[in-house]
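# A structural walkthrough
Each chain is listed here by its residues.
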Amino acid sequence: MADTALSVPRRSPLAGAAGGLAAATRSSGGAVRLAELPFLAQVNVRLDAKGAAADAVGLALGLSLPLEPNTVVRAGELRALWLGPDEWLVVGPPDTQRDLEDRIRAASGDEHVAVTDVSAQRTTLLVSGARARDLLAHGCPLDLHPCAFGAGRCAQTTLARTQVVLVARDEPGSGFWVLVRSSFAGYLTDWLLDAAAEYIQGA
């Protein structure tokens, strides 16, 4: 019997907000840039940082799992975020989560390692521009001064009372990633657009 199932195009949590984000970016004159980066691969990894698996997984991924709290290690399009003494979030390009899982599991061998694909749980907001830190500071309790939260830092924190993972990207002028659960993404986007209104020219 022929397969009659219809394929449904994948829709990101913030597909309906793309126009508003783009409009705010244009109207701010470069003060802020807001955009969704949908479908990034996100794989949670838990293992003993002092065990053999840590080095093996790092070799398999082509990067070292960061050991310093709240730091990010990047290799090409792949990033490893420190979330805890035995926990990391590996973030990669869209649709690479299965490959990342397979590489991590193969490298782990008989070592005790927990690997969980959490890609569908969150989406990612890009917040950049000259006033990006000021915008985030409106709703984030962290000290976001570059001396305290500079490039290559990350933290599990709140933004507008929403649990997020905040990443200060290490490319020059690249701003921040805000990893937020899909169910809260619409609310957080509305908050960002409202908070960004003061930077919109003519507002």
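Overview of the structure. The model shown is predicted, which means the values in this text are computed figures rather than measured ones.

## Overview of the pairing of strand β10 (residues 176-181)
The element β10 is extensively covered by neighbouring structure, given that five of its six residues are classed as buried. The pairing of strand β7 (residues 122-128) with β10 spans six bridges and is classified as antiparallel. By the bridge assignment, T124 is partnered in β10 with L179. The pairing of strand β9 (residues 162-168) with β10 spans five bridges and is antiparallel. Across the sheet, residue A168 finds its bridge partner in β10, namely F176.

## Let's talk about the layout of surface pockets
As a volume, the largest pocket reaches approximately 150 Å³. R10, P13, E36, P38, F39, L40, Q97, S119, A120, R122, T123 and S182 together form the lining of the largest pocket. When the residues that make up the lining of the largest pocket are grouped by side-chain class, the tally is five nonpolar, four polar and three charged.

Thresholds applied
Residues numbered from 1 in each chain as written. Predicted model: local features only at pLDDT ≥ 70, side-chain atom pairs only at ≥ 80, totals over all residues. Heavy atoms only, no water. Buried < 20%, exposed > 50% of the residue type's maximum accessible area, 1.4 Å probe, protein only. Helix = DSSP H or I, 4+ residues; strand = E, 2+ residues; numbered from the N terminus. Pairing = 2+ DSSP bridges. 1 Å grid on protein atoms, 1.4 Å probe; cavity = no way out; pocket = protein on both sides within 12 Å on 5 of 7 lines; lining within 4 Å. Points joined across faces, edges and corners; volume = space filled by probe spheres on them. Nonpolar A, V, L, I, M, F, W, Y, C, P; charged D, E, K, R; others polar.

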